[in-house]
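Examining the three-dimensional arrangement
The chain contents come next:
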Amino acid sequence: MVKISTLSACAAIFMTGLASPLMVMPRQEDAPSSGFDSNTSQSPQLTALKHALVEAPGYGDRQGILLPNPPDASNITFTFINNTVTGNTGGTIALSTLNNFPALIGTNVAMAVGFVNPCGLNVPHSHPRANEFLTVIQGELIGGLILELNPGGFGEVVGEPSPVPGPIPQVNVTLSNYKGMLFPQGETHFQFNPTCEPALFAAAFDNSDPGRTQIARNFFSNMPDDVVLSAIGGAETIDASQLAQLRNSIPTPFAVVIEDTWREALSNLLLSYCTYDGMILRV
């Protein structure tokens, strides 16, 4: 079990709203003039390049499309840009996939660089089409993985014991510089920065379109309300008005430590080792 003793200090820093040099990685203000980057937007030229690569019959054709003017290698270079907002934010991810880096089409690889602010949480999520191998390059992260177990998953079966409710086991590890962790395809996982220093990770995927499913956001997007209320144990657990409020407050990919939140029931996944002095994570 990991004990975090720095959350109070981290939260206090965040609540000031000040952007000290320690709170985020240095931003790259000027992207390179050649090649693609994580700010690349969709354009007719980008779409045309994608279509040409998809239709290329062989490697020679592909090479001619990507590298028509040697020694220019701009079509096969990519820059990960740190666009993290300073202050009370959890962090950002810069991602290269076939959507913004056409050279990856047909390669079955993608890459992400994550900039995790102090006390930042890359909320529980999964990648439906890819395995992920994440390595911490700077700082420290806690990596967590929910096991693929389904106790009582077949319901009430004649001759079998009744399903037993409760949390599914998870594994977790503290990742420091150059230590990595594998997150299997489709499995729920998260990363959390328990320190007051920024952290940086690089993650490789074995699919050029790995996808990302936000566990909490996707679950609570189910309609009608009765679907969610029944799945979490009925109206005794949470009522319809609270459910509506919750749907509008679930964070996007990153969250930060906050005080006095009524979301405690949803923090059980991390509560056992991410609580300190009455403070919990917004998840």
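That block above? That's the structure.
Before going into details, it helps to say that this report is about the structure given with it. On a predicted model such as this, the values are computed, not experimentally measured, just so you know.

Right, let's get into the overall build of the protein chain. Along the backbone of the protein chain there are 7 helices and 15 strands. A burial count over the protein chain gives 40% of its 283 residues as buried. Restricting to contacts in the protein chain with at least 6 residues of sequence separation, those with at least 24 account for 79%.

Checked against the element boundaries, F78 lands in strand β2 (residues 78–79). Judged by relative accessible area, F78 falls into the buried class, the value being 16%. Beyond its immediate sequence surroundings of up to four residues, F78 is in contact with F36, D37, S38, L95, S96, N100 and F101.

So, on to the nonpolar core. V116, L134, L141, F201, A203 and F205 are the most contacted members of the largest nonpolar core, which has 16 residues in total. Elements with a contribution of two residues or more to this core: β4 (110–116), β6 (132–138), β7 (141–146), β9 (180–183) and β11 (199–205). For this core, the leading source of residues is β11, giving 4 residues. The contacts of F205, once residues within four sequence positions are left out, are L95, N108, V109, A110, M111, A112, H127, A130, N131, E132 and P210.

Where helix α2 (residues 44–55) contacts helix α3 (residues 59–66), the axes come no closer than 9 Å and their chain directions differ by 165°. Overall, the two elements α2 and α3 adopt an arrangement that is roughly antiparallel. Every pair of crossing elements has a handedness; the one defined by α2 and α3 is right-handed. Between α2, through L49, A52 and L53, and α3, the contact on the second element is made entirely by R62, I65 and L66.

Scanning the entire structure with this criterion turns up 2 salt bridges. Its salt-bridge partner being R129, residue D209 comes within 3.7 Å of it at the nearest N-O pair. Of this pair, D209 sits in the loop between β11 and β12 (213–214) while R129 sits in the loop between β5 (121–126) and β6, and the two are 80 residues apart along the sequence. For R129, a relative accessible area of 38% translates into the label partly exposed.

Once that is clear, we can look at the side chain of H189. By the element assignment, H189 lies in strand β10 (residues 189–192). Among the polar contacts made by the side chain of H189, one reaches the side chain of E132 at a distance of 3.0 Å. A polar contact is formed between the side chain of H189 and the backbone oxygen of E187, at a distance of 2.9 Å. Sequence-distant contacts of H189, defined by excluding residues within four places in its chain, comprise V123, P124, H125, S126, H127, E132, G144, L145 and F183.

One key point about sheets: their strands pair by backbone hydrogen bonds, in either a parallel or an antiparallel sense. Reading across the sheet, the 5 strands line up as β3-β4-β11-β6-β9 and stay open at both edges, with antiparallel pairing between neighbours. Whereas interior strands pair on both sides, the edge strands pair on one side only; in this sheet they are β3 (91–96) and β9. Direction aside, neighbouring strands of the sheet carry axes that sit 20° apart on average. Bridge count for β6 against β11 is 6 bridges, and the pairing is antiparallel. Counted as the bridge partner of V136 is F201 from β11.

So, on to the pairing of β6. Examined bridge by bridge, β6 and β9 share 4 bridges and lie antiparallel to one another. In the sheet register, E132 faces β9, and the bridge partner there is F183.

Our focus in this paragraph is the environment of I215. Looking at where I215 falls in the secondary structure, it is placed in helix α4 (residues 215–220). With 27 residues separating them along the chain, I215 and T188 place their C-alpha atoms 7.5 Å apart. Aside from chain neighbours lying at most four places away, what touches I215 is P124, H125, S126 and T188.

Scanning the model with the defined rule gives 4 aromatic pairs in all. Here F36 and F101 contribute two aromatic rings whose centre-to-centre distance is 5.8 Å and whose plane-to-plane angle is 55°, an arrangement assigned as tilted. A residue pair is termed long-range when its members are at least 10 positions apart, and F36 in strand β1 (residues 36–37) and F101 in the loop between β3 and β4 qualify at 65 residues. Like F101, F36 is buried. An aromatic cluster of at least three residues, connected via ring pairs, comprises F36, F78, F80 and F101.

About the criteria used
- Residues numbered from 1 in each chain as written.
- Predicted model: local features only at pLDDT ≥ 70, side-chain atom pairs only at ≥ 80, totals over all residues.
- Heavy atoms only, no water.
- Helix = DSSP H or I, 4+ residues; strand = E, 2+ residues; numbered from the N terminus.
- Buried < 20%, exposed > 50% of the residue type's maximum accessible area, 1.4 Å probe, protein only.
- Contact = heavy atoms within 4.5 Å.
- Core = buried A, V, L, I, M, F, W, Y, C linked by side-chain atoms within 4.5 Å.
- Axes fitted to C-alpha atoms, helices over the stretch in contact; angles between N-to-C directions.
- Parallel < 35°, antiparallel > 145°, perpendicular 65-115°, else oblique.
- Left-handed = near helix turned anticlockwise from the far one by under 90°.
- Salt bridge = Lys/Arg side-chain N within 4 Å of Asp/Glu carboxyl O.
- Polar contact = N/O pair within 3.5 Å; in protein donor to acceptor, adjacent residues only side chain to side chain.
- Pairing = 2+ DSSP bridges.
- Phe/Tyr/Trp six-rings, centres within 6.5 Å; stacked < 30°, edge-to-face > 60°.

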